Amino acid sequence: MGFGMSAVAALSFNRLDIEVRRRDGRAEAVTIASGRFGIGGAVFRGKAAAEAAGLARAVFALCPAAQSAAAAAAFAAASGAPAPGGEEISRALAAERVGENLRSCVLGWPSEPGEGPDSSSLQVLREALNALRALSRADEVGSGVATVRAAATSLGLAERRGVAPTEGWFGRLHAQIAADSAFAPQPAPLPRVGPRQDAAIFAALARGAPVGGGMLESAPAPISLATRLIARLDAIAEAIDALDGKSQAPIVEFHRHGPGAGGAAVESPRGRLYHWMCLDPRGRIADYRILAPTDWSFMPDGPFARALTGAYIGAGAEAERRVGWLAASFDPCVAFQVRVREVEDA
């Protein structure tokens with residue numbers, strides 16, 4: 001069963017293949033094949049370091065603003081240049097966070113045939129995406145932000161944070177999850193990546209070592225699938241506020257690792273994104289490594305596998321859909337294939 005189609009995700013990761021071994025309706029073990037560690041860095045090696053930001057924007061169709069900002073900040077860290085920043089970059093990152101999350105919540109959520117978004121929701125999404133694209137060209141952003149905010153409200157975004165949506169497409173999604181009394185209410189621990197993990201992750205990237213689940217920070221309390229959906233909608237609301245300056249949060253950080261080496265961490269639409277580079281004496285890129293949110297969300301001992309293991313998923317198409325819901329709540333933009341099989345006693 002396939003969900004969450006994205007051409008770039010399929011190109012970059014050759015699709016996530018998720019296999020779940022089930023016993024008595026519960027996920028006993030989870031196996032994820034997601035491509036090799038560090039995919040994407042090879043295209044930068046040998047290039048002039050100053051070209052990294054433009055190359056990142058050209059190569060990555062998924063979250064290009066975040067990828068470009070991470071590449072620019074990694075270059076600054078490695079070369080000793082001032083850290084990049086400014087209102088234009090902040091607005092571009094905020095617009096990307098809004099657009100990618102709106103698009104994925106409307107188009108990337110696993111649904112049965114005939115249960116997808118209605119024509120009205122699709123039209124509203126188009127209006128929002130068009131307004132977001134116009135923000136980078138217009139001197140006046142007020143009207144564009146107002147259009148985006150009105151579109152999100154029409155899709156059902158609640159006025160207050162932390163409140164379940166009851167109207168529009170988002171209300172339908174939440175109602176669908178809440179109606180599944182067997183799966184959605186199950187709380188699961190949610191390890192996460194944040195600034196506290198930066199030093200350990202950059203050290204691993206510099207060594208070329210895989211990032212393990214032990215590096216991730218455990219959430220203070222388990223949360224349910226419905227709560228994860230509400231948190232994603234809250235992230236959309238926060239990013240809309242950031243578009244017109246109502247909230248200011250640091251979203252690009254860079255780390256120097258000595259002469260000619262450094263990295264950057266950027267809060268992308270799907271989570272914390274890391275770029276690391278090492279320069280040769282000519283100022284060209286000798287080595288480049290990327291850790292994307294998909295890498296750490298779906299690592300073998302990572303957040304998704306931990307959340308799913310032991311959960312009740314049922315059987316048949318229902319089990320596949322439930323696994324798809326959870327995968328989409330972590331990363332709706334990536335393509336994934338779900339296979340569930342029963343474990344038989346010997």
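Residues numbered from 1 in each chain as written. Predicted model: local features only at pLDDT ≥ 70, side-chain atom pairs only at ≥ 80, totals over all residues. Heavy atoms only, no water.

Right, let's get into the overall build of the protein chain. From N to C terminus, the protein chain includes twelve helices and eight strands. Across the 346 residues of the protein chain, 52% fall into the buried class. Taking the intrachain contacts of the protein chain between residues at least 6 apart in sequence as the baseline, contacts between residues at least 24 apart amount to 69%. Just so you have it, the protein chain exposes about 15,100 Å², and 53% of that area is on carbon and sulfur atoms. (Helix = DSSP H or I, 4+ residues; strand = E, 2+ residues; numbered from the N terminus. Buried < 20%, exposed > 50% of the residue type's maximum accessible area, 1.4 Å probe, protein only. Contact = heavy atoms within 4.5 Å. Areas by Shrake-Rupley, 256 points an atom, 1.4 Å probe, with all protein chains shown as cover.)

Viewed as axis vectors pointing N to C, helix α3 (residues 64-79) and helix α4 (residues 87-107) meet at an angle of 140°, and their least axial separation amounts to 8 Å. Between α3 and α4, the angle is such that the two are oblique. Only I89, A92, L93 and E96 of α4 make contact with α3, whose side of the interface consists of P64, A65, A66 and A69. (Axes fitted to C-alpha atoms, helices over the stretch in contact; angles between N-to-C directions. Parallel < 35°, antiparallel > 145°, perpendicular 65-115°, else oblique.)

A few words on the pattern of salt bridges. One pass over the full model with this rule turns up 17 salt bridges. In this structure, R272 engages E253 in a salt bridge whose closest nitrogen and oxygen atoms are separated by 3.4 Å. Separated by 19 residues along the polypeptide, R272 in strand β6 (residues 271-279) and E253 in strand β4 (residues 252-256) bring together distant segments of the chain. Via salt bridges that share partners, D198, E253, E267 and R272 belong to a single interconnected network. (Salt bridge = Lys/Arg side-chain N within 4 Å of Asp/Glu carboxyl O.)

Our next topic: unusual backbone geometry. In this model, D24 sits at a positive phi of 55°, which is unusual for a non-glycine residue. Mapped onto the elements of the fold, D24 is located in the loop between β2 (16-23) and β3 (26-33). On the basis of relative accessible area, D24 is assigned to the exposed category, the value being 68%.

Another aspect to go through is the nonpolar core. If you look at the biggest cluster of nonpolar residues, it comprises 60 residues, and the most contacted ones within it are I18, F170, F304, L308, I313 and V323. Ranked by the residues each element gives to this core, the list is headed by helix α9 (residues 225-243), at nine residues. Once residues lying within four places of it in the same chain are set aside, the contact partners of V323 are I18, V20, F304, L308, I313, V338 and V340. Ranked by size, the runner-up nonpolar core spans 27 residues in total, among them A66, A69, A264 and I285. (Core = buried A, V, L, I, M, F, W, Y, C linked by side-chain atoms within 4.5 Å.)

On to the sheet that holds β6, then. Read from one edge of the open sheet, four strands run β4-β5-β6-β7, paired in antiparallel fashion. The sheet terminates laterally at β4 and β7 (285-291), the two strands that pair on one side only. Mean inter-strand twist for the sheet, computed between neighbouring axes without regard to direction, equals 15°. Note that strand β5 (residues 261-268) and β6 share eight bridges and pair antiparallel. Opposite A264, over in β6, you have H275 as the bridge partner. α3 rests against β4, β5, β6 and β7 of the sheet, and its axis sits at about 155° to β5. (Pairing = 2+ DSSP bridges.)

What the rule picks out here adds up to five aromatic pairs. Taking the centre distance of 4.0 Å and the plane angle of 10° together, the rings of F44 and Y288 count as stacked. With F44 in the loop between β3 and α2 (52-59) and Y288 in strand β7, this residue pair connects regions lying 244 residues apart in the sequence. By relative accessible area, F44 is classed as buried at 0%. Plain terms: the ring middles of F298 and F304 are 5.0 Å apart, the flat faces sit at 45° to each other, and that makes the pair tilted. Classification of F298 by relative accessible area gives buried; the value is 1%. Grouping aromatic residues by their ring pairs yields a cluster made of F298, F304 and F330. (Phe/Tyr/Trp six-rings, centres within 6.5 Å; stacked < 30°, edge-to-face > 60°.)

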